[in-house]
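As a plain string of letters, each chain reads:
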Amino acid sequence: MEIISGINIIGPSLFFEKEKILVIGDVHIGQENSIHKMGFNIPLNQFKLINEFLENVVEELKPKTIIINGDLKHDFGKITNDEWDKITLFLKNLKKYSKVIIIGGNHDKILEPIIDKLDLQMSSYHKIVLENDFVYITHGDIIPHDLDYVTSNIIIIGHEHPAIKLKDNNRVEIFKSFLKGKYKDKTLIVMPSLNPISEGTDILSQKLLSPFLKEIKNNKTLGYFEAYILDDKNKVYFFGKLKGLGD
Ligand SMILES: [Mn+2]
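Predicted model, so just to flag it, every value in this text is computed and none were measured. (Residues numbered from 1 in each chain as written. Predicted model: local features only at pLDDT ≥ 70, side-chain atom pairs only at ≥ 80, totals over all residues.)

**Things to note about the overall build of the chain**
Part 1: If you tally the helices and strands in the chain, you get six helices and 16 strands.
Part 2: Taking 247 residues into account, the globule formula puts the C-alpha radius of gyration at 18 Å, and the chain, at 17 Å, falls close to it.
Part 3: When its C-alpha atoms are laid out on the principal axes, the chain stretches across 45 × 45 × 35 Å.
Part 4: Counting only residues that meet the buried cut, the chain has 39% of its 247 residues in that class. (Helix = DSSP H or I, 4+ residues; strand = E, 2+ residues; numbered from the N terminus. Rg over C-alpha atoms; globule rule 2.2 N^0.38 Å. Buried ≥ 20, exposed ≤ 12 C-beta atoms within 10 Å, placed from the backbone.)

Structure, rendered in C-alpha cells:
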C-alpha cells in the first residue's frame, strides 16, 4: 500500500519504488536475550524472524540501498558476544545485496566498534531527493535543526514503535501501525519497529516517547494523523484518522 506517492508500506518497512530504497528501523537486535536474562521465558526466535522477513523482501524487491533508521542494537551499556555476532551477521547479509546506510538511534551509542569492522558509518540522518520532495530520514529521538531538515518537506522517523489497540467485541488486541500526518509545515511519517517481540507503544493511551509526537499531542493534532495498521501477517490496512479510533 502506498503511504505517500512513490513510497510503499512493505510489512514494517518502507520502500521507495523508483529509487529502490528500503527503510527499516528499530530492529533492537539483542532484545530477546536481554528480556530472557531478566527471567521472562520468551521464545528466542526474533532474530530468525527478522532475517526471514528481510530475506523475502530483498529477494522480491531487490533494493539498491537499505537504510537502517536507528536502534539496530538494543542494550545501551555494553556489547554482548551474542549482539556482536548477530549484528555482524545481520549487516554482512544486507551488505551482500545492497548498499547499507546506518542512522544512529538512542540505543546505538556503542555500535561503532562493530560497524567500523564492516567498513560502515553511522550518521544522524539521511536525505533523499525525489522529483518534487525532499525526504529526511532520522531516528526521531531528537528534533533536528540543520539546513537539510529545514528544507525537507517529508520526514520519516522511528523510535516511537507506534501501535494501536483495537476492540472486537470483548477482545482487545494491539497492532503495529504506521502514522502519517502534519508536523508544522512538514509531512511526518512514523514507522513501527521491525522487531516482532512487541507491538510497541499504544499511541492513544500510553506516554509518548518522540519529541515530535509529544509536541503534536500537546497541540492536540494527533487525532488528525492517519493510521496504517499491520496485522500479524504483515498485511496493511488503512484505518483513517486516529480520532475515530480507540473509543
Ligand atoms: Mn529509539
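**Focus on the pairing of strand S15 (residues 226-230)**
Part 1: Both strand S12 (residues 171-183) and S15 contribute to a ladder of four bridges, which runs antiparallel. When the bridges of S15 are listed, serine 177 appears paired with isoleucine 229.
Part 2: Connecting S15 to the next strand, strand S16 (residues 236-241), in antiparallel fashion are five residues, including asparagine 234 with a positive phi near 65°. (Pairing = 2+ DSSP bridges.)

**Some details on helix H6 (residues 211-218)**
Part 1: Among the residues of H6, those classed as buried are Phe212, Leu213 and Ile216. Projected down its long axis, H6 carries its buried residues within an arc of 90°, all on one side.
Part 2: In the core, the buried residues of H6 are packed alongside strand S10 (154-157), S12 and strand S13 (186-190).
Part 3: Downstream of H6 by one or two residues, lysine 220 has phi in the positive range, about 60°. (Arc of directions from axis to C-beta. Contact = placed C-beta atoms within 7 Å.)

**Some details on the environment of lysine 184**
Part 1: Mapped onto the fold, lysine 184 is located in the loop between S12 and S13.
Part 2: Along the sequence, lysine 184 and leucine 222 sit 38 residues apart, while their C-alpha atoms lie 12 Å from each other.

**Some points on the pairing of strand S8 (residues 125-129)**
Consecutive side chains along a regular strand alternate between the two faces of the sheet.
Part 1: Pairing between S8 and strand S9 (residues 134-138): five bridges, direction antiparallel. Paired with tyrosine 125 across the two strands is threonine 138, which belongs to S9.
Part 2: What sits between S8 and S9 in their antiparallel hairpin is a turn of four residues.

**Description of helix H2 (residues 46-61)**
Residue pairs three or four apart in sequence face the same way in an α-helix, which turns once every 3.6 residues.
Part 1: Between the first and last C-alpha of H2 there are 22 Å, a value that for 16 residues agrees with the 22 Å anticipated at 1.5 Å per step.
Part 2: Residues of H2 that are buried include every one of Gln46, Phe47, Ile50 and Leu54, and no others. Buried residues of H2, seen end-on, are gathered within an arc of 95° and therefore sit on one face of the element. Summarising the geometry of H2, the exposed residues directed more than 90 degrees from the buried face are Lys48, Glu52, Glu55, Glu59 and Glu60.
Part 3: Buried residues belonging to H2 abut helix H1 (31-37) and helix H3 (81-97).
Part 4: Directly beyond the C-terminal end of H2, a positive phi value near 45° is found at lysine 62. (Expected span 1.5 Å × (residues − 1).)

**Structural notes on the sheet that holds strand S5 (residues 65-69)**
Part 1: Reading across from one edge, S1-S2-S3-S4-S5-S6-S7 is the order of the seven strands in this open sheet, with mixed pairing throughout. At either end of the open sheet lies a strand with only one pairing partner, and these are strand S1 (2-4) and strand S7 (122-123).
Part 2: With four bridges connecting them, strand S4 (residues 21-24) and S5 associate as parallel partners. Looking at S5, one finds that isoleucine 24 is bridged to isoleucine 68.

**Focus: the nonpolar core**
Part 1: Counting 55 residues, the largest nonpolar core has Val23, Ile68, Ile137, Ile156, Phe178 and Val190 as its most contacted members.
Part 2: Not counting the four nearest positions on each side in its chain, isoleucine 137 is found in contact with Val23, Ile67, Asn69, Ile103, Tyr125, His126 and Ile156. (Core = buried A, V, L, I, M, F, W, Y, C linked by C-beta atoms within 7 Å.)

**Examining unusual backbone geometry**
Part 1: Unusually for a residue other than glycine, lysine 20 sits at a positive phi of about 55°.
Part 2: Mapping lysine 20 onto the fold places it in the loop between strand S3 (13-16) and S4.
Part 3: Positive phi values are uncommon outside glycine, yet aspartate 71 reaches one of about 55°.
Part 4: On the secondary structure map, aspartate 71 appears in the loop between S5 and H3.

Any link to function would need more than the numbers given here.
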